[in-house]
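Remarks on the overall topology
Here are the chains, one letter per residue:
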Amino acid sequence: AFNGTWKIDRNEHYDKFMEKMGINVVKRKLAEHDNLKLIIEQTGDKFIIKESSTFRNKDIEFTLGVQFEYPMADGTELTGTWVMEGETLKGTFTRKDNGKLLTTTRSLVGGELVQCYNYEGVDAKRIFKKA
Ligand code: MYR
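Description of the structure in this document.

What counts, and where the lines are drawn
Residues numbered from 1 in each chain as written. Predicted model: local features only at pLDDT ≥ 70, side-chain atom pairs only at ≥ 80, totals over all residues. Heavy atoms only, no water. Helix = DSSP H or I, 4+ residues; strand = E, 2+ residues; numbered from the N terminus. Buried < 20%, exposed > 50% of the residue type's maximum accessible area, 1.4 Å probe, protein only. Polar contact = N/O pair within 3.5 Å; in protein donor to acceptor, adjacent residues only side chain to side chain. Contact = heavy atoms within 4.5 Å. Pairing = 2+ DSSP bridges.

1. Notes on the side chain of Arg126
Turning to its location among the elements, Arg126 is positioned in strand β10 (residues 122-130). Residue classification places Arg126 among the buried residues on the basis of a relative accessible area of 1%. Engagement of the side chain of Arg126 in a polar contact is seen with the side chain of Asn11, the distance being 2.7 Å. Polar side-chain contacts of Arg126 include one of 2.9 Å to the side chain of Asp34. The residues contacting Arg126, other than those within four sequence positions of it, are Ile8, Arg10, Asn11, Tyr14, Ala31, Glu32, Asp34, Leu36, Leu113, Val114, Gln115 and Tyr117.

Given below as structure tokens:
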């Protein structure tokens, strides 16, 4: 159900979230308008995600429940897992630089892909439309 091409449509509280993550204002302004596109290909427990944005193009592969590493666009390394809970993907990641937790979910809401983020008590959303 997550399969397809998803283009960022809008963000909620993303600036505040990035600020909590320690990202400087210049990068935050660019990141608010990064034209993020995700091509998601799920086969059973395996996902391939083709991420493209004004920052980079990157392919990510993971299997549900299996730990993997994910470098953020600014180079900060995360390590963690995605699992499926009902119809929702739940991600639990740890920053390698400070050990702090970043949690995230992906779900389909009214035909949109909604990705929620939490870091140190700050919640944000990025909402994608199917291309
Ligand atoms: C994927 O499924 O797309 C790869 C793994 C994603 C890990 C969680 C994403 C966190 C990205 C946070 C970026 C926020 C910038 C402050």
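2. Side note on the pairing of strand β3 (residues 46-52)
Bridge analysis of strand β2 (residues 37-43) against β3 gives seven bridges, and the strand direction is antiparallel. If you follow Lys37 over to β3, its bridge partner there is Ser52. As defined by bridge partners, β3 adjoins strand β4 (residues 57-63) across seven bridges and the pair is classed as antiparallel. Considered in β4, the bridge of Glu51 is made with Lys58. In sequence, β3 turns back onto β4 through a hairpin of four residues.

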